[in-house]
Amino acid sequence: MTKTPAHPGTSPTFADWIFISIVIGALCLVAYLGEIAYEHAQQTEKSKRNGEAMAAWLTEASAQRFEANYKIPACAGGGDAKTSLWGACLEHLLANDFKDMRNPFKGVAPQFIEQCNPADKSLTGEIVLLKMTPTPAGSAVSSINSKLVAEDSIDQKLQLSIGICDKGAYLVKIADFEF
Amino acid sequence: MATPNTPNNAAPQKLIDIDSVHAKELLGLENAGPQISTDQPLRKWLYDWTLNPNIPGNFQKSIDSWVGILIVANLFALVLEHVPALFEPNKQLFHYFDVFSIAIFVMEYALRFYLAPEDEEFQKKRSPRTAYFFSPFAIIDLLAIAPFFLQAFIPIDLRALRFLRLLRILKLFRIIIPAVKEFSELNKGRTFRQKIHALVFVSPYGGKLQSIFDTFIGVWVIISVLAVVLESIHSVSYLINVEFVILDTIAVAIFTVEYLMRIYACVEEPRYHGAFMGRFRQARNTATIIDLLAILPFFLEVLLSSVLDLRFLRTFRLARLLKLTRYNDSTKILTTVIAREWPVISASAFIMILMVIMTASLGYVFEHEAQPEKFDNIPNSVYWAVITLASVGYGDISPITPIGRFMTVVMALLGIGIFAIPAALLASAFGDQLHKEREMLKKNLRDMMKDGHLDENEIQLLRTEAKRLHITIEELNALLEHVHDERLHAQQRSILPLHVIAERPAQAVEHYKMLLSQINQLALMTDAAKFEQAAKASENLSPKEMALWQQIKSSQ
């Protein structure tokens, strides 16, 4: 039985195969880079979940911590300004409720920082926890943000702002809330 | 360029006689309504209006397009449903959209089922509706709507239901498969590269599939640009950041393949011949540079993210919008205008720079002592000079000395004139270029209409160009009259080529009559004896021709 030869013009040539290979290669590269970008996005999402969990806990605590016999004395409000400090509360949180919290970019417990800095990539995944101090009426800005440090008193209600640093160490704001 | 293969049974091209046509009709503005008789059974009438692909101007194409859009919208809804942050608060909205889509798809299915006996594909079958019911497209249509009704009777897992709803995308095959068939037919016997060329470049071989490809790219351009814009909204990007990353990756994959296809197949274009130089010329082309800019930020940002902070490059993804200029000639005209007027534009730019430097220097000289913090040096005064000369005048920096103010008044007045030059220049050159192209189109039209008729390709070209160059009905009518007069004069001078006359029986008869009449006149006016003597002497007439002459002479 004779075989009809393929039309010389229609079957892919060597150059066509090179083109097809380049296209497949380009698609693989896009998929690979897309996978990297996806991983970064997922890590940022996990960081956001960390920040959200922290914000949810602090918001929930703000409703109860001024009640008598609050179950976590370190975070209770209404006490002595000199002894009721954020440092003790944070220590309690990291030792109990958030002991398993990890910075997804580093695999260690996240740090609380004052601001993200795109020039400093070591800040990726860290949590930005700021204290918002209201400014006098008529000021150009309604509040001044500063880092909530261990020595800050938490005996009174505090306005806090929480965010995280994404893969590029840019700030992703999560929430403003009362603690 | 060779013309594409046409099927042997293709209908002959319809010719339009320019003597009896109005400009509105040529532009497709009049009689655009389909020629559908009302004196026919309702079912046939409905079929002609809604599903008959052979009647131009009916709703068949619109229905196909809108159903296509609805399918794509369904696909997006399905994707968005997977984002709990979007789906949960808008559950009801998603449900209503689903019900609306199903209603449309059911109506479409019912319509096709009812009208199956009128469809050429099924009307010869013993039971057209049964034949339709078991046809592949009808099965796809049924699969698209069945899950919605099934869930009312059988509990279906949500994920399975979503997968089944994904089958709606198969409905697109109703549009794609005929286009692929047409494409294969047009490109029979052509090489792989030629086929790629036909798909990405406008050519007679592209057919409907090329339009679908262009639409596909256009849709992705719009989607990816919308994504970039929405990404800048914190509340949106916070919720669907990962989805944006996936979307961008898909868009880049599509645009990368398109870019490679264009670079590979461009050598099929006459102006890009040459395996290396042709492709290099194509790569330098503005549209191709835009294509590259559309994908480059993705590669650079991910590849160099650990070394450089290239997040600002994300904004350049908006350059994808420029990809749409490929389908719009206005940018091409503007580029031509700038290239043409470049010497004048550069001269006026030079004067502008001169004025800015002079104003900044004078500002520094007169104001430095009075306002050293604002006019601290000449480079810093340039900002004030540009804002003043361009008549923007923010007012954050202003002269306070009398001489400084006087100088500012003079320079600002001069600035109004000088800074307006490039704008005026571009505007007039743009108008001029348009005028030139319109004149060129008119000339081409005159050439096309010289033979007295326009074929379908010529009409299509006329419509596209008339739309692009804003040719009005009045202008086209004037042109038609002009060509008509020209042809009339040509007829009177008998300069029409004989083969053109021969093509038109009515004109051929007229021409024959005119020739006979001229011979008769000649026979009457000439001296018969001298005529015959001269004919014999020069042996210029054959015996047959001589016999015919004598016959005419004797009949008088």
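Conventions we followed
- Residues numbered from 1 in each chain as written.
- Chains lettered and ligands numbered in written order.
- Predicted model: local features only at pLDDT ≥ 70, side-chain atom pairs only at ≥ 80, totals over all residues.
- Helix = DSSP H or I, 4+ residues; strand = E, 2+ residues; numbered from the N terminus.
- Rg over C-alpha atoms; globule rule 2.2 N^0.38 Å.
- Buried ≥ 20, exposed ≤ 12 C-beta atoms within 10 Å, placed from the backbone.
- Contact = placed C-beta atoms within 7 Å.
- Pairing = 2+ DSSP bridges.
- Core = buried A, V, L, I, M, F, W, Y, C linked by C-beta atoms within 7 Å.
- Domains from an automatic or database assignment.
- Axes fitted to C-alpha atoms, helices over the stretch in contact; angles between N-to-C directions.
- Parallel < 35°, antiparallel > 145°, perpendicular 65-115°, else oblique.
- Left-handed = near helix turned anticlockwise from the far one by under 90°.
- Nonpolar A, V, L, I, M, F, W, Y, C, P; charged D, E, K, R; others polar.
- pLDDT = per-residue confidence, 0-100.

## Some thoughts on the overall build of chain B
Okay, so step 1: Scanning chain B from N- to C-terminus turns up 25 helices and two strands.
Okay, so step 2: Here the C-alpha atoms of chain B give a radius of gyration of 35 Å, more than 25% beyond the 24 Å that 2.2 N^0.38 yields for 556 residues.
Okay, so step 3: Projected onto its principal axes, the C-alpha positions of chain B cover 115 × 85 × 50 Å.
Okay, so step 4: Taking all 556 residues of chain B together, the buried fraction comes to 19%.
Okay, so step 5: Summarising the internal contacts of chain B: among those between residues at least 6 apart in sequence, 63% fall at separations of at least 24.

## Section: the pairing of strand β2 (residues 127-134) of chain A
All names here are of chain A.
Okay, so step 1: In terms of strand pairing, strand β1 (residues 112-113) meets β2 through two bridges, oriented parallel. Across the sheet, phenylalanine 112 pairs through a bridge with isoleucine 127, a residue of β2.
Okay, so step 2: Sheet topology note: the β2/strand β4 (residues 159-165) ladder contains five bridges and is antiparallel. Along β4, the bridge assignment pairs isoleucine 127 with isoleucine 164.
Okay, so step 3: Across five bridges, β2 lies against strand β3 (residues 143-147) in antiparallel orientation.

## Observations regarding the nonpolar core
Okay, so step 1: In terms of nonpolar packing, the biggest core is built from 35 residues, with Ile196(B), Val252(B), Phe255(B), Tyr264(B) and Ile295(B) touching the most fellow members.
Okay, so step 2: Looking at this core, the elements with two or more residues in it are α1 (14-64) of chain A together with α9 (173-186), α10 (192-200), α11 (207-231), α13 (241-265) and α15 (286-303) of chain B.
Okay, so step 3: Top element by residues in this core is α13(B). It accounts for ten residues.
Okay, so step 4: Not counting the four nearest positions on each side in its chain, Tyr264(B) is found in contact with Phe19(A), Arg193(B) and Ile196(B).
Okay, so step 5: Within the second largest apolar cluster, 25 residues are counted, among which are Ala61(A), Cys75(A), Leu148(A) and Phe179(A).

## Things to note about the domain arrangement of chain B
Okay, so step 1: In terms of domains, chain B is made up of domain 1 (1-10 + 32-186), domain 2 (191-201 + 214-327), domain 3 (328-496) and domain 4 (501-555).
Okay, so step 2: Its C-alpha centre places domain 1 of chain B at a distance of 31 Å from the equivalent point of domain 2 of chain B.

## Points about the packing of helix α17 (residues 342-367) of chain B against helix α19 (residues 402-449) of chain B
Residue and element names in this part refer to chain B.
Okay, so step 1: Axis separation between α17 and α19 bottoms out at 10 Å; the angle between their running directions is 165°. As the angle between them shows, α17 and α19 are arranged roughly antiparallel. Crossing handedness for the pair α17 and α19: left-handed. Here Val344, Ile345, Ser348, Ile351, Met352, Met355, Thr359, Leu362, Gly363, Phe366 and Glu367 of α17 lie close against α19, whose contacting residues are Ile403, Gly404, Met407, Met411, Leu414, Gly415, Ile418, Phe419, Ile421, Pro422 and Leu425.
Okay, so step 2: Here the contact of α17 with α19 is built from residues that sort into 16 nonpolar, five polar and one charged.

## Some points on the interface of chain B and chain A
Okay, so step 1: Counting from both sides, the interface comprises 23 residues of chain B and, opposite them, 24 residues of chain A.
Okay, so step 2: Going through the elements one at a time, α10, α13 and α15 of chain B are the ones with two or more residues in the side of chain B that touches chain A.
Okay, so step 3: Per element, the largest residue contribution to the side of chain B that touches chain A is eleven residues, and it comes from α13(B).
Okay, so step 4: For the side of chain B that touches chain A, the per-class residue count stands at 13 nonpolar, six polar and four charged.

## Here's the deal with unusual backbone geometry
Okay, so step 1: Even without being glycine, Asn69(A) reaches a positive phi, approximately 60°.
Okay, so step 2: Counting through the fold element by element, Asn69(A) comes out in the loop between α1 and α2 (86-95).
Okay, so step 3: On the basis of neighbour counts, which here come to 6 C-beta atoms within 10 Å, the residue Asn69(A) falls in the exposed class.
Okay, so step 4: The phi dihedral of Ser391(B) falls on the positive side, at around 60°, and the residue is not glycine.
Okay, so step 5: Among the residues examined, Ser391(B) registers 11 C-beta atoms within 10 Å and is labelled exposed.

## So, the pairing of β4(A)
Residue and element names in this part refer to chain A.
Okay, so step 1: Of all seven residues in β4, five are buried; the element is thus mostly enclosed.
Okay, so step 2: Here seven bridges tie β4 to strand β5 (residues 171-178), and the two strands are oriented antiparallel to one another. Bridge pairing links glutamine 159 to glutamate 178 in β5.
Okay, so step 3: Linkage of β4 to β5, two consecutive antiparallel strands, is achieved through a turn of five residues, within which alanine 169 is found at a positive phi near 60°.

## Describing the confidence of the model for chain B
All names here are of chain B.
Okay, so step 1: Here chain B averages 83 in pLDDT, while 94% of its residues score no lower than 70.
Okay, so step 2: Below pLDDT 50 for its whole length, residues 1-12 participates in eight contacts with residues either more than four positions away or in separate chains.
Okay, so step 3: With pTM at 0.71, the complex prediction returns an ipTM value of 0.86.

## Quick look at the packing of α17(B) against helix α18 (residues 378-389) of chain B
Each pair of packed helices can be described by the angle between their axes along with the distance between the axes.
Residues and elements named next belong to chain B.
Okay, so step 1: Relative to each other, α17 and α18 sit at 115°, their axes nearing to 8 Å. Crossing geometry of α17 relative to α18 is assigned as right-handed. Every residue of α18 that contacts α17 at Met355, Val356, Thr359, Ala360, Ser361, Gly363 and Tyr364 is listed here: Ile378, Ser381, Val382, Trp384, Ala385, Val386, Thr388 and Leu389.
Okay, so step 2: Here the residues of the contact of α17 with α18 sort into ten nonpolar, five polar and no charged.

## Section: the confidence of the model for chain A
All names here are of chain A.
Okay, so step 1: Model confidence for chain A is summarised by a mean pLDDT of 85, while 94% of its residues fall at 70 or above.
Okay, so step 2: Taking the mean pLDDT of every element in chain A, the minimum, 83, falls on β3 and the maximum, 92, on α1.
Okay, so step 3: In this model, residues 1-7 is a region of pLDDT below 50 whose contacts with residues beyond four sequence positions or in other chains number two contacts.

## Quick word on the environment of Ala77(B)
Residues and elements named next belong to chain B.
Okay, so step 1: Considering the arrangement of structural elements, one finds alanine 77 in helix α3 (residues 60-80).
Okay, so step 2: C-alpha separation for the pair alanine 77 and methionine 525, spaced 448 residues apart in sequence, amounts to 88 Å.
Okay, so step 3: When neighbours within four sequence positions are excluded, alanine 77 is seen to be in contact with Phe94 and Phe97.

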